[in-house]
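# Tertiary structure, described
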Amino acid sequence: MPKMSITIMLFLAVIFLQCEDTIQPGGRGSVITDPSQWLISAVYDGGPGRDGIPALQNPEMIPASQATYLQETDLVIGFVEGDEARAYPHAILDWHEIINDRVAGKKVAITYCPLTGTGIAYDRVINNIQTTFGVSGLLYENNLIQFDRATNSNWSQMLMKCVNGQLIGSQASVYPLIETSWSTWKKMFPGTLVVSTNTGHSRSYDRYPYGSYRTNHDLVLFPIGFDDTRLQRKDRVHGIIVNDRTNVYPFKTFGGQKTVINDVVNGQPVVVGVSGADNLIVSYLRTLSGMELEFEVVTDNFEIYPFNFRSNDGTIWNVLGKAVSGPRVGQQLVPTLSYNSFWFAWGTFFRGADIYGR
Amino acid sequence: MQIKEKITGDVVVLKFKGSLMGEPDTTKIRQKFHSLVNDELQKVVIDMGGVKWINSAGLGSLIAGLTTLRNAGGDLRLANVADKVESLFMITQLVKVFKSYETADRAIASFKK
């Protein structure tokens, strides 16, 4: 059989096997969901179909020195567990959206939605059952809906919640990630491993598949529920969630500066560390052992990290929130529930978010 | 979705307008391709300029059309694909399956090579 015919038949198989009973075609391109089976409405068929965008499973990892396909300014999503650091480049995630991996024994799914610019690490153990996640092909507010293969339940990536299926209503367990440039990540973690382009799939990893999407504020693929015009749609923000309130910190506000912000989100004291030149924003709770700390940025004499924090008790904390010297040495700040996003997505998911600097 | 048909020499240009999001459009498209093959018209260009979006079922109907035409010794080529839709063809790797041209005229000309 000719090679092309096999390709077509395989693709057809993927297209038609993805049909779901609960999805019905609706008008003007929308997909109507049965409200009794979904927690969200206006779910769209993104086009590729279920598994049409193939998630990766335990991909081949290589040392930084071998990752010649990456440019220094490319963004990567970094995950650290114990002594192990791994980088998951946007260049790979743009094409696969989900990487099911195991890092230092922790079973994690690195999920990334190219349309909303959101990377979130999900725990792959749900109710004591190990699973993997796949790309459903459905979108809610332009954002990835992923499914777990153990129960076929659908999860809204940004809501971090199961919105359809057996586990409906369940909240996901997520892990903190650090998003920054490849050059910065390598400097922080010289021993890092990074995903190889030898994924088992033939993709042009040196090519961004969505054209001008990342920077064109007028280019959004599906209707936006609430178009908050306080920022431009594709502005990148670091958002912090505290119960039903959120604050966002736009990257463009900081330019190339390094700074630390002592802030309060919905009554919760937080510290936000920024290095604009490194495309890096991290955030932690400021309360530790019942004591509220105040922080300032330390940019002198750093060797590994773009900046450190100094708390008002004299402790020095690195970018990972670990106390490296001073009275609290060895202690760990608690990461906020947060991730980076395009503004238009944050604005519609978390309406009325407070914007830093406004 | 609307389909307008125009024949230039032995090439049929189908101009699609609207969104291709499943039934009844997918059946309509399949029937169209079978009808063309029955009339011994196997070289087809789809002018995609008016297509706003395609879902997985819509993509499936295009692939089915391609298969029908190639099995009959012809081909299906695309023209004037909008940026949004182009990204879908890219992420699904259908760019490797369909030949795509900037204009319908260029797609027609490609059959003469």
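Quantities reported herein were computed from a predicted structural model and do not represent experimental measurements. (Residues numbered from 1 in each chain as written. Chains lettered and ligands numbered in written order. Predicted model: local features only at pLDDT ≥ 70, side-chain atom pairs only at ≥ 80, totals over all residues. Heavy atoms only, no water.)

The amide bond that connects glutamate 23 of chain B to the next residue, proline 24 of chain B, takes the cis arrangement and shows omega of 0°. Mapped onto the secondary structure, proline 24 of chain B falls in the loop between strand E2 (11-20) and helix H1 (25-38). One non-glycine residue, asparagine 128 of chain A, lies in positive phi territory at about 65°. Mapped onto the elements of the fold, asparagine 128 of chain A is located in the loop between strand E11 (125-126) and strand E12 (129-130). The class for asparagine 128 of chain A is exposed, based on a relative accessible area of 78%. (Helix = DSSP H or I, 4+ residues; strand = E, 2+ residues; numbered from the N terminus. Buried < 20%, exposed > 50% of the residue type's maximum accessible area, 1.4 Å probe, protein only.)

Attention now goes to the sheet that holds strand E23 (residues 268-275) of chain A. All names here are of chain A. Pairing in this open sheet of 3 strands is antiparallel, and the strands run E22-E23-E24 from one edge to the other. Where the open sheet ends on each side, the last strands, each with one partner, are strand E22 (258-265) and strand E24 (280-285). Within the sheet, the average angular offset between the axes of one strand and its neighbour, ignoring direction, is 20°. Two elements, E22 and E23, share 8 bridges in a ladder whose sense is antiparallel. Looking at the pairing, valine 260 lines up with glycine 273 of E23. (Pairing = 2+ DSSP bridges. Axes fitted to C-alpha atoms, helices over the stretch in contact; angles between N-to-C directions.)

Attention now moves to the confidence of the model for chain A. In this model, chain A carries an average pLDDT of 91, and 90% of its residues clear a pLDDT of 70 or more. Within the model, pLDDT remains below 50 along residues 1-29 of chain A, and this stretch shows 48 contacts once partners closer than five positions in the same chain are excluded. (pLDDT = per-residue confidence, 0-100. Contact = heavy atoms within 4.5 Å.)

Across the contact, 27 residues belong to chain A and 23 residues belong to chain B. When the two sides are added together, the surface that chain A and chain B hide from each other amounts to roughly 2,200 Å², 69% of it contributed by carbon and sulfur. Summed over the shared surface of chain A and chain B, the result is 0 salt bridges. Remark: the boundary between chain A and chain B carries 5 residue pairs in polar contact (both at pLDDT 80 or more). For the side of chain A that touches chain B, the secondary structure elements donating two or more residues are helix H1 (3-17) and helix H2 (90-96) of chain A. Considering every element that reaches the side of chain A that touches chain B, the biggest residue donor is H1 of chain A, with 7 residues. Counted by class, the side of chain A that touches chain B contains 16 nonpolar, 7 polar and 4 charged residues. (Buried area = accessible area lost by both parts, 1.4 Å probe. Salt bridge = Lys/Arg side-chain N within 4 Å of Asp/Glu carboxyl O. Polar contact = N/O pair within 3.5 Å; in protein donor to acceptor, adjacent residues only side chain to side chain. Nonpolar A, V, L, I, M, F, W, Y, C, P; charged D, E, K, R; others polar.)

Below, the discussion takes up the pattern of salt bridges. All names here are of chain A. The tally for this structure, following the rule as stated, stands at 21 salt bridges over all chains. Lysine 186 serves as the salt-bridge partner of glutamate 72, at 2.8 Å between the closest nitrogen and oxygen. Here the residue glutamate 72 occupies a position in the loop between strand E5 (61-63) and strand E6 (75-81), and lysine 186 occupies one in helix H3 (residues 182-188), the gap between them amounting to 114 residues. Overall, glutamate 72 belongs to the partly exposed group, its relative accessible area being 41%. Residues joined in a network through salt bridges with shared partners are Glu84, Arg86 and Asp101.

With that out of the way, let us pick up the sheet that holds strand E18 (residues 178-181) of chain A. Residues and elements named next belong to chain A. Pairing is mixed in the open sheet, where 5 strands are placed in the order E5-E19-E7-E6-E18. Each of the sheet's edge strands pairs with one partner strand only, and the pair in question is E5 and E18. Across this sheet, the average inter-strand angle for adjacent strands is 35°, counted without regard to direction.

With that out of the way, let us pick up the pairing of strand E4 (residues 75-79) of chain B. Residues and elements named next belong to chain B. Burial runs high along E4: 5 of the 5 residues are buried. Residues Asp75, Arg77 and Ala79 line one face of E4 and the alternating positions Leu76 and Leu78 line the opposite face, and both faces are buried. Two elements, strand E3 (residues 43-54) and E4, share 5 bridges in a ladder whose sense is parallel. Paired with lysine 43 across the two strands is aspartate 75, which belongs to E4.

Turning to helix H2 (residues 56-71) of chain B, a few remarks are in order. Residue and element names in this part refer to chain B. Look at H2: 22 Å from first C-alpha to last across 16 residues, which is about the 22 Å you get at 1.5 Å a residue. Across the 16 residues that make up H2, a large majority, 12, are buried. One side-chain oxygen of the residue at the start of H2 lies 3.1 Å from the amide nitrogen of alanine 57, identifying that residue as asparagine 55. A positive backbone phi angle near 90° is found at glycine 73, which sits one or two residues after H2. (Expected span 1.5 Å × (residues − 1).)

Attention now goes to the state of the cysteines. In the structure shown here, the tally under the stated rule is 0 disulfides over all chains. Unpaired in terms of disulfides, cysteine 162 of chain A finds its nearest cysteine sulfur in cysteine 113 of chain A, a separation of 17 Å. (Disulfide = S-S within 2.5 Å.)

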